[in-house]
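# Structural overview
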Amino acid sequence: MSNLLQSIPSPDINMVQAGPFQIRFYALFIIVGIILAIWVSARRLKARGATAGAAVDIAIWAVPFGIIGGRLFHVFTHISDYFGDGKNWLEIFYIWQGGLAIYGALILGAVGAWIGAKQSGIRFVSYLDALAPGLLLAQAVGRWGNYFNQELFGVPTDLPWGLVIAESNPAYPSGLPAGETFHPAFLYESLWSLLGVFVLLAIDRKFKPRWGQLFGLYLAYYSFGRILIESIRIDPAAIILGLRTNVWSAILGLVLGLVIVYLQRKRHPGLENSVYLPGKEPIAEAQPAATEDSDAVKSTSE
């Protein structure tokens, strides 16, 4: 009990067996996060006048694109984990074992969302604004998959919430003595993302940012926290000019988010009248009363 109060133990398992199937906790948390993001975006988009199911139609494109993008970004920034002596390159397809980069998921996921939004007649930026709080919620939940994989941890710490990492873990820093505890970077990011959900919803309620501005705020908010959290991580990662790849990604994300807000405020100072593209609004069903009135006018004119 004393040890439990002085640190956060890592779980001994990262999956459960259900008959012939293995259920990986990493994949499970990612799936739950995706479902929550779709649910939030669907409610918010419908509240702004979209037809029921519009957000799901877009997600059908965005989700697979996002997963592919997240995996590709991770593999490209961890090439040595998959190619070289003793490595099995086929593991690049083992997504359930972990390794989805958020910024890669955002890049290709945005491409999929653009395709889905265009087919649904929804403004791309309107969908992004509706999705933004749900994205943070999905990230807050998804990071717990990293906990079960014993990954995404920071420098050693003697704080009570230090995370225990098994010495057998390939990511355990060489040269460190046994029994070290580490900053739970996954937990910091999960809490930062969860806080961001309430921050974005509060901003949306008070200021009603539209035309992609809320999504820009999401990018800036998340990226700022990611810069701080990523800077304390010591698990293996590609380094460019002294900084981890994801620190550079977060810096670009922060700048891009602020640029989006600035440009969209300048281009669209007014309110967003519709989430639909011009000419793509759903045709309202004719009301019986309206039909009767028109018949009466027609009869009078005759």
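Structure: see above.
Residues numbered from 1 in each chain as written. Predicted model: local features only at pLDDT ≥ 70, side-chain atom pairs only at ≥ 80, totals over all residues. Heavy atoms only, no water.

So, on to the overall build of the protein chain. In terms of helices and strands, the protein chain carries nine helices and six strands. Dimensions along the principal axes, computed over C-alpha positions, put the protein chain at roughly 95 × 50 × 45 Å. The buried share among the 302 residues of the protein chain stands at 43%. Long-range pairs, those at least 24 residues apart, make up 75% of the contacts in the protein chain with a sequence separation of at least 6. Of the roughly 16700 Å² of accessible surface on the protein chain, 67% is carried by carbon and sulfur atoms. Here the protein chain contributes 22 positive and 21 negative side-chain charges, whose respective centroids are spaced 7 Å apart. (Helix = DSSP H or I, 4+ residues; strand = E, 2+ residues; numbered from the N terminus. Buried < 20%, exposed > 50% of the residue type's maximum accessible area, 1.4 Å probe, protein only. Contact = heavy atoms within 4.5 Å. Areas by Shrake-Rupley, 256 points an atom, 1.4 Å probe, with all protein chains shown as cover. Lys, Arg positive; Asp, Glu negative; His and termini not counted. Charge placed at Lys NZ, Arg CZ, Asp CG, Glu CD.)

With that settled, consider the packing of helix H7 (residues 213-230) against helix H8 (residues 245-267). Following both chains from N to C, one finds H7 and H8 inclined at 155 degrees, their axes separated by 7 Å at the closest point. With respect to H8, the element H7 is oriented roughly antiparallel. You can see that H7 and H8 cross each other, and the crossing is left-handed. Of the residues belonging to the contact of H7 with H8, the class tally is 13 nonpolar, seven polar and three charged. (Axes fitted to C-alpha atoms, helices over the stretch in contact; angles between N-to-C directions. Parallel < 35°, antiparallel > 145°, perpendicular 65-115°, else oblique. Left-handed = near helix turned anticlockwise from the far one by under 90°. Nonpolar A, V, L, I, M, F, W, Y, C, P; charged D, E, K, R; others polar.)

What follows deals with the nonpolar core. Leu-45, Ala-50, Leu-106, Ile-122, Tyr-127, Leu-136 and Tyr-218 are the most contacted members of the largest nonpolar core, which has 36 residues in total. For this core, the elements supplying multiple residues, two or more each, are helix H2 (25-47), helix H3 (54-76), helix H4 (102-120), helix H5 (124-148), helix H6 (185-207) and H7. The greatest single-element share of this core, amounting to nine residues, is contributed by H5. Among all residues touching Tyr-218, those that are not within four sequence positions of it are Leu-106, Ala-132, Leu-135, Leu-136, Gln-139 and Leu-200. Of all hydrophobic cores here, the second largest spans 12 residues; its members include Leu-152, Leu-163, Phe-182 and Ile-229. (Core = buried A, V, L, I, M, F, W, Y, C linked by side-chain atoms within 4.5 Å.)

For the rest of this paragraph, the subject is the packing of H2 against H3. Axis separation between H2 and H3 bottoms out at 10 Å; the angle between their running directions is 145 degrees. In this structure, H2 meets H3 at a crossing whose hand is right-handed. The residues of H3 that touch H2, namely those facing Ile-34, Ile-38, Ser-41, Ala-42 and Leu-45, are Ala-54, Ala-55, Val-56, Ala-59, Val-63 and Ile-67. Broken down by class, the residue content of the contact of H2 with H3 amounts to 10 nonpolar, one polar and no charged.

Turning to the packing of aromatic side chains, a few remarks are in order. Under the criterion given, the structure shown has 14 aromatic pairs. Ring geometry for Trp-144 and Phe-186: centres 5.1 Å apart, planes at 80 degrees, overall edge-to-face. Note that Trp-144 is positioned in helix H5 and Phe-186 in helix H6, a separation of 42 residues in sequence. Overall, the relative accessible area of 31% leaves Trp-144 in the partly exposed class. Geometrically, the ring pair formed by Trp-192 and Phe-224 is tilted, given 6.3 Å between the ring centres and 50 degrees between the ring planes. Remark: Phe-224 occurs in helix H7 and Trp-192 occurs in helix H6; sequence separation between them is 32 residues. A relative accessible area of 23% means that Trp-192 is categorised as partly exposed. (Phe/Tyr/Trp six-rings, centres within 6.5 Å; stacked < 30°, edge-to-face > 60°.)

On to the pairing of strand S1 (residues 15-18), then. Examined bridge by bridge, S1 and strand S2 (residues 21-24) share four bridges and lie antiparallel to one another. Of the residues in S2, the one forming a bridge with Ala-18 is Phe-21. Hairpin connection from S1 to S2: two residues lie between these consecutive antiparallel strands, with Gly-19 at a positive phi of about 65 degrees. (Pairing = 2+ DSSP bridges.)

In this model H8 runs 32 Å from its N-terminal to its C-terminal C-alpha over 23 residues, within 8% of the 33 Å that 1.5 Å per residue would give. Among the residues of H8, Thr-245, Asn-246, Val-247, Ser-249, Ala-250, Gly-253, Gly-257, Val-261 and Gln-264 are the ones counted as buried. Looking at the buried side of H8, the elements it contacts are H3, H4, H5, H7, strand S5 (239-240) and strand S6 (243-244). (Expected span 1.5 Å × (residues − 1).)

Mapped onto the elements of the fold, Gly-109 is located in helix H4. In this structure Gly-109 touches Ala-62, Phe-65 and Gly-66, once residues within four positions along its chain are discounted.

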